Amino acid sequence: MSSSLHLCLFTAESSYLVNGLDLQGPIFLHEPPHRVEFSNNSGGLIECSGHGSPPPEVEWTPIPPQQDMVFQLSNGSMMFYPFTAEKYRHEVHATVYRCKLRNMVGTVLSREVHVRG
């Protein structure tokens with residue numbers, strides 16, 4: 001169990017029974033770490049996944065401004081492509097991101113992820 005503090009944007013009661021369906025607010029299965037460092041030669045990966053009913057959507061904030069340098073995988077993880085020194089962008093490679101899980105019951109935000117590429 002993670003000892004981090006999460007900002008919860010749904011009510012304290014996170015499980016509901018509606019029309020025979022068991023609805024559950026999102027919870028992290030894999031919350032990203034507080035700090036991620038990677039080489040420009042290798043690129044990097046930040047994992048983020050969760051569970052809920054219905055399954056939560058995963059999105060990252062802020063949305064990286066240059067989509068040719070970073071890509072969100074179908075499992076919710078964010079992948080940073082390898083880059084040359086000339087392609088380094090502070091707003092992509094040295095910033096703070098947060099992973100957001102959202103479904104119809106609620107939303108949770110991860111801890112801040114300080115990225116340094």
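Residues numbered from 1 in each chain as written. Predicted model: local features only at pLDDT ≥ 70, side-chain atom pairs only at ≥ 80, totals over all residues. Heavy atoms only, no water.

Draft legend 1. Seen up close, the overall build of the chain. Counting its secondary structure elements, the chain contains 1 helix and 12 strands. In the chain, which comprises 117 residues, the proportion classed as buried is 35%. In the chain, of all internal contacts separated by at least 6 residues, the share reaching a separation of at least 24 is 61%. Of the roughly 7,100 Å² of accessible surface on the chain, a fraction of 56% belongs to carbon and sulfur atoms. (Helix = DSSP H or I, 4+ residues; strand = E, 2+ residues; numbered from the N terminus. Buried < 20%, exposed > 50% of the residue type's maximum accessible area, 1.4 Å probe, protein only. Contact = heavy atoms within 4.5 Å. Areas by Shrake-Rupley, 256 points an atom, 1.4 Å probe, with all protein chains shown as cover.)

Draft legend 2. A look at unusual backbone geometry. Residues Ser-53 and Pro-54 are joined by a peptide bond in cis, for which omega reads 5°. Along the chain, Pro-54 turns up in the loop between β6 (49-53) and β7 (57-61). Note the cis peptide between Thr-61 and Pro-62, where omega equals -10°. Of note, Pro-62 is situated in the loop between β7 and β8 (70-72).

Draft legend 3. Quick peek at the nonpolar core. Among the nonpolar cores identified, the biggest contains 19 residues, and Ile-46, Trp-60 and Phe-80 are the most heavily contacted of them. Counting residues per element, this core draws most heavily on strand β10 (residues 96-102), at 3 residues. Residue contacts for Trp-60: discarding those within four places in its chain leaves Pro-32, Ile-46, Cys-48, Gln-72, Gly-76, Ser-77, Met-78, Tyr-97, Arg-98 and Cys-99. (Core = buried A, V, L, I, M, F, W, Y, C linked by side-chain atoms within 4.5 Å.)

Draft legend 4. Just the environment of Cys-99, in detail. Its location among the elements puts Cys-99 in strand β10. Along the backbone, Cys-99 and Ile-46 are 53 residues apart, and their C-alpha atoms lie at a distance of 9.5 Å. Residue contacts for Cys-99: discarding those within four places in its chain leaves Phe-28, Pro-32, Cys-48, Val-58, Glu-59, Trp-60, Val-108, Leu-109 and Ser-110.

Draft legend 5. Layout of the packing of aromatic side chains. A full pass over the atoms with the stated rule returns 3 aromatic pairs. Ring geometry for Phe-83 and Tyr-88: centres 6.3 Å apart, planes at 40°, overall tilted. One aromatic cluster is present, built from ring pairs that chain together Phe-38, Phe-80 and Tyr-97. (Phe/Tyr/Trp six-rings, centres within 6.5 Å; stacked < 30°, edge-to-face > 60°.)

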